Amino acid sequence: MIYSHEVQQMCVVKKGANHQSAPIPEEGKWVRAKEIKDISGFTHGVGRCAPQQGACKLTLNVKDGIIQEALIETIGCSGMTHSAAMASEILPGKTILEALNTDLVCDAINTAMREIFLQIVYGRTQSAFSEGGLTVGASMEDLGKGLRSQIGTMLGTAAKGTRYLEMAEGYCTRMALDADNQVIGYEFVHLGKFMDMVKKGIDANEALAKAKGSYGRFAEGVKYIDPRQE
C-alpha cells in the first residue's frame, strides 16, 4: 500500500468509536453481515433493458452466500428468452457478489440482478423472518401447477375497445359481452394442465375441454367473441 507524502507526515490519532454494522434479518435470525457467506435469503428483483423493449423478473434462493436456485422470467423480447436460458446455467453455484459482476447476457437480467442484490444485502428479502428460510424449489411453487409464469397480455384500441389475450389463469379463448357490448367474463385454457394431459396420452380435444375454465359472469354473456379474430 502506498501513502502520499502528506499522509506519511501526519501524526497518528487513535480510533475511539468502533460501531458495529447494523444487524439485518435473515431467515428468522438477526445477522451482522461481514462476509458474503453471511448472506442468505429468498427474494425477487425486476429489471429492464436500456431501450425498455423488455423486462425480467429474477428470483434467487441464496444460502450462505451461494445461489442455490434461480428463476428467470422475461417478457417483451424474443432474444431475452435465450438470455434467460443461459442465465439459468450461469447463476446457480455462484456467490451473489460473483453474480453481480457476471455478464448475464441481457441488460434486463443484469439490472434485475443489481436490484435483487441490494434487497438481499440490506436484509429486505421475502424470507427475512422465515425461520430456516425457504426450501430450494420455492420459486417453482410460485409458478403453480403447470410451471408457467403469471402473465397478463391485454390489447386495447380506441376504435374497437379491449381484448383479453392472456390472464393468470391461462390463454384467453373467448370474451363474454353483455347487451351493451361490455365485458362481463372470459373463457381460458390452462396451458400447463392441457400439456400435462396431452403428455399422458389424452386426446388433444378432450384435454382442451378439460383444461378450459371461465371467470366472471361468462355464462350470462349475450355475445361471445374470439379476442384474436373479432
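As a reminder, the structure under discussion sits directly above these lines.
Nothing here was measured: the structure is a model prediction, and the numbers come from that model.

Novice: Where do I start with the overall build of the chain in this structure?
Specialist: The helix and strand tally for the chain stands at 7 helices and 11 strands. Relative to its length of 230 residues, the chain is extended, with a C-alpha radius of gyration of 25 Å against a globular reference of 17 Å. Each principal axis of the C-alpha atoms in the chain carries an extent, and together these give about 90 × 40 × 30 Å. Within the chain, buried positions represent 36% of all 230 residues. By sequence separation, contacts in the chain at least 24 residues apart represent 51% of the contacts at least 6 residues apart. Of the roughly 14,300 Å² of accessible surface on the chain, a fraction of 53% belongs to carbon and sulfur atoms. Measuring between centres, the 25 positive side-chain charges of the chain sit 2 Å from its 27 negative side-chain charges.

Novice: What is the right way to look at a nonpolar patch on the surface in this model?
Specialist: On the surface, Met-1, Tyr-3, Val-7 and Met-10 cluster together into a nonpolar patch covering about 510 Å² of accessible area. Looking at the secondary structure, you find Val-7 in helix 1 (residues 5-8).

Novice: Is there a simple way to explain the environment of Ser-40 in this structure?
Specialist: Within the secondary structure, Ser-40 is located in the loop between strand 2 (29-31) and strand 3 (41-48). Relative accessible area serves as the criterion here: at 9%, Ser-40 is assigned to the buried category. The spatial distance from the C-alpha of Ser-40 to the C-alpha of Gln-119 is 11 Å, given a sequence separation of 79 residues. A distance of 2.8 Å separates a polar side-chain atom of Ser-40 from the backbone nitrogen of Asp-64.

Novice: Can you help me understand the sheet that holds strand 3 in this one?
Specialist: Strand pairing in a sheet relies on backbone hydrogen bonds. The paired strands run either parallel or antiparallel. The 3 strands are arranged 3-4-5 in an open sheet whose pairing can be described as antiparallel. The sheet is open, and its two borders are formed by strand 3 and strand 5 (66-75), each paired with just one other strand. Put simply, the sheet's adjacent strands are angled 15° from each other on average, direction ignored. In this structure, strand 3 lies alongside strand 4 (residues 55-63), joined through 8 bridges in antiparallel fashion.

Novice: Honestly, the pattern of salt bridges in this entry has me stumped. Any pointers?
Specialist: A side chain with one charge can pair with a side chain of the opposite charge if their charged atoms come near. Scanning the model with the defined rule gives 9 salt bridges in all. A salt bridge links Lys-199 to Asp-196, with the shortest nitrogen-to-oxygen separation between them at 3.7 Å. In this pair, Lys-199 and Asp-196 both sit in helix 6 (residues 191-199), 3 residues apart, roughly one turn of the helix. With a closest N to O distance of 3.1 Å, Glu-220 and Arg-217 form a salt bridge.

Novice: Looking at this structure, I do not really get helix 6. What am I missing?
Specialist: An α-helix turns once every 3.6 residues. As a result, residues three or four positions apart point the same way. Those residues of helix 6 not exposed but buried are Gly-192, Phe-194 and Met-197. Where helix 6 is buried, its residues touch strand 9 (183-189) and helix 7 (204-210). Looking at the residues trailing helix 6, positive phi occurs at Gly-201, about 95°.

Novice: Explanation requested: helix 4 (residues 107-121) in the structure shown.
Specialist: The terminal C-alpha atoms of helix 4 lie 21 Å apart, and with 15 residues this matches the ideal 21 Å at 1.5 Å per residue to within 8%. Where helix 4 is concerned, the buried positions are Ala-108, Ile-109, Thr-111, Ala-112, Met-113, Ile-116, Phe-117 and Ile-120. Each element contacted by the buried residues of helix 4 is listed here: strand 1 (24-26), strand 3, strand 4, strand 5, helix 2 (78-90) and helix 3 (96-100).

Novice: Which parts of the structure should I look at to understand unusual backbone geometry?
Specialist: The phi angle of most residues is negative, glycine excepted, and most peptide bonds adopt the trans form. A positive phi is found at Val-105, a non-glycine position, where the angle reads about 80°. Even without a glycine there, the phi angle at Asn-181 is positive, about 65°. Relative to the elements of secondary structure, Asn-181 occurs in the loop between strand 8 (170-177) and strand 9.

Novice: Where do I start with the environment of Ile-120 in this structure?
Specialist: Inspection of the secondary structure puts Ile-120 in helix 4. Those residues within four positions of Ile-120 in sequence are excluded, and the remaining contacts are Ile-24, Ile-39, Thr-43, Val-62, Ile-96 and Thr-125.

Novice: In this structure, what is going on with the side chain of Asn-61? I would like to understand it.
Specialist: Examined against the element boundaries, Asn-61 turns out to sit in strand 4. A polar atom in the side chain of Asn-61 sits 3.2 Å from the backbone oxygen of Leu-134. Polar contacts involving the side chain of Asn-61 include one to the main-chain carbonyl oxygen of Thr-135, which spans 3.1 Å. Ignoring anything within four residues of it in the chain, the contact list for Asn-61 reads Gly-41, Phe-42, Ile-66, Ile-67, Gln-68, Glu-69, Leu-134, Thr-135 and Val-136.

Cut-offs used in this document
- Residues numbered from 1 in each chain as written.
- Predicted model: local features only at pLDDT ≥ 70, side-chain atom pairs only at ≥ 80, totals over all residues.
- Heavy atoms only, no water.
- Helix = DSSP H or I, 4+ residues; strand = E, 2+ residues; numbered from the N terminus.
- Rg over C-alpha atoms; globule rule 2.2 N^0.38 Å.
- Buried < 20%, exposed > 50% of the residue type's maximum accessible area, 1.4 Å probe, protein only.
- Contact = heavy atoms within 4.5 Å.
- Areas by Shrake-Rupley, 256 points an atom, 1.4 Å probe, with all protein chains shown as cover.
- Lys, Arg positive; Asp, Glu negative; His and termini not counted.
- Charge placed at Lys NZ, Arg CZ, Asp CG, Glu CD.
- Patch = residues over 30% accessible without salt bridge, like charges linked within 9 Å, V, L, I, M, F, W, Y side chains within 5 Å.
- Salt bridge = Lys/Arg side-chain N within 4 Å of Asp/Glu carboxyl O.
- Polar contact = N/O pair within 3.5 Å; in protein donor to acceptor, adjacent residues only side chain to side chain.
- Pairing = 2+ DSSP bridges.
- Axes fitted to C-alpha atoms, helices over the stretch in contact; angles between N-to-C directions.
- Expected span 1.5 Å × (residues − 1).

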